[in-house]
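Fold and contact review
In case you want the letters, here they are:
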Amino acid sequence: MPHSLTHYLQRWNLVADGPTFETSNASLLPVLWNGQPAMLKVSTCPEEIQGYDLLEWWQGQGAAKVLARAKSALLMERATGTRNLATLSHADQDEQASRIICDVLAQLHQTPSASPAPPHTLTALQNWFEPLNQADLSLHPVLANARQAMLAVLSQPRDVVCLHGDIHHHNILDFGQRGWLVIDPKGLIGERAFDYANLFCNPDSDIALNPERFASRLQTVSQHARLDRHRLLQWILAWCGLSATWHFEDQSNPEIALQIATLAAQALSQH
């Protein structure tokens, strides 16, 4: 077990309740805190720590509740429910999964009544999208459309709220009686419509790249979240352009992002 986890086990009087697991940016350990299931997370990644700030600010409203906090460590309530949004999507209940995601986001986008001003560490979408602004547009034809959409939505932001920044089917978990709650926010601030874009790329290519599914999701999300369809398509296109840009930089596979961007660009051209 990493020394950092052992340190916080002792500091917060925790009992290990499962194996340690690692992500690219953090070490995590299921624990018991005063007999309550919890998750200990330790990271030195600034982006992860920025997410801690927002998770704490939400005070459990639509999000996992923070139980204890240090600069690099977070203790939060643990999801113990058995439901899974990706499983729902694959069981021909994708519309239900999309509605659940919209309902959770509606909670997140409201300012918690007892919270002070939002964390000063949040990243503005203008800065978040800078890689797309600097991208080599010759890498793929749809990147030019994505940059154009990005410039359009960023120039006149609407409904500015604190944003999760990485909403997908595996970042919204079943917390039993507390319902569906988010984990792992990026910690952004900007137009609320942005937070809905990434669900169109998830939970995997089998679901996301089906054109009929894309059209169905577009209708469900625009209606249920009360978003302008054209504006939502612009955010999907812009987000997928940014995602593809990161994939090109990392030399990972950009295909889902590029294909969803193309579907969004086609829908916009027919609008």
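All values derive from a computational prediction rather than experimental measurement. (Residues numbered from 1 in each chain as written. Predicted model: local features only at pLDDT ≥ 70, side-chain atom pairs only at ≥ 80, totals over all residues. Heavy atoms only, no water.)

Some points on the nonpolar core
In terms of nonpolar packing, the biggest core is built from 79 residues, with F129 and I236 touching the most fellow members. With 10 residues, helix α10 (residues 229-250) is the largest single contributor of residues to this core. Contacts of I236, omitting those with residues within four sequence positions, involve A197, F200, F214, L218, I260 and A264. (Core = buried A, V, L, I, M, F, W, Y, C linked by side-chain atoms within 4.5 Å. Buried < 20%, exposed > 50% of the residue type's maximum accessible area, 1.4 Å probe, protein only. Helix = DSSP H or I, 4+ residues; strand = E, 2+ residues; numbered from the N terminus. Contact = heavy atoms within 4.5 Å.)

Some thoughts on the environment of Q234
Mapped onto the elements of the fold, Q234 is located in helix α10. Overall, Q234 belongs to the buried group, its relative accessible area being 12%. For the pair formed by Q234 and A146, sequence separation is 88 residues and the distance between their alpha carbons is 7.9 Å. Filtering out sequence-adjacent residues up to four positions away, Q234 remains in contact with A149, A152, V153 and L268.

What to know about the side chain of H168
Here H168 shows up in the loop between β8 (160-163) and β9 (172-174). Looking at H168, the relative accessible area reads 14%, which means it is buried. In contact with H168, other than residues within four places in its own chain, are N198 and N202.

A look at helix α9 (residues 211-224)
Compared with the 20 Å implied by 1.5 Å per residue over 14 residues, the 20 Å span of α9 between its first and last C-alpha is a close match. Where α9 is concerned, the buried positions are F214, R217, L218, T220, V221 and S222. Structurally, α9 contributes buried residues whose contacts are with α3 (85-90), α4 (94-108), α8 (205-208), α10 and α11 (255-270). Capping of α9 at its N-terminal end is provided by N210; its side-chain oxygen lies 2.9 Å from the backbone amide nitrogen of E212. (Expected span 1.5 Å × (residues − 1). Polar contact = N/O pair within 3.5 Å; in protein donor to acceptor, adjacent residues only side chain to side chain.)

As for the pairing of strand β3 (residues 27-33)
Within β3, 5 of the 7 residues are buried, which leaves the element mostly enclosed by the surrounding structure. Of the strand pairs in this sheet, strand β1 (residues 15-16) and β3 are connected by 2 bridges, and their pairing is antiparallel. Paired with A16 across the two strands is V31, which belongs to β3. When strand β2 (residues 21-22) meets β3, the two strands line up antiparallel, connected through 2 bridges. Each residue of the ladder has a partner; that of F21, found in β3, is L28. The pairing of β3 with strand β4 (residues 36-42) spans 7 bridges and is classified as antiparallel. Of the residues in β4, the one forming a bridge with L28 is K41. Linking β3 back to β4 in an antiparallel pair, the connection comprises 2 residues, with N34 at a positive phi of about 55°. (Pairing = 2+ DSSP bridges.)

As for the pattern of salt bridges
This structure, assessed with the given rule, holds 12 salt bridges. Of the charged contacts in the structure, one is a salt bridge between D53 and R69, with a shortest N-O distance of 2.9 Å. Residue D53 is found in helix α2 (residues 46-58), and its partner R69 is found in strand β5 (residues 66-69); the two are separated by 16 residues along the sequence. Residue classification places R69 among the partly exposed residues on the basis of a relative accessible area of 24%. Sharing partners across several salt bridges, the network here consists of K41, E48 and D184. (Salt bridge = Lys/Arg side-chain N within 4 Å of Asp/Glu carboxyl O.)

What to know about unusual backbone geometry
In this model, N202 is joined to P203 through a cis peptide bond whose omega is 5°. Of note, D92 is a non-glycine position whose phi angle comes to about 60°, a positive value. Relative to the elements of secondary structure, D92 occurs in the loop between α3 and α4. In this structure D92 comes out as exposed when scored by relative accessible area, which is 68%.

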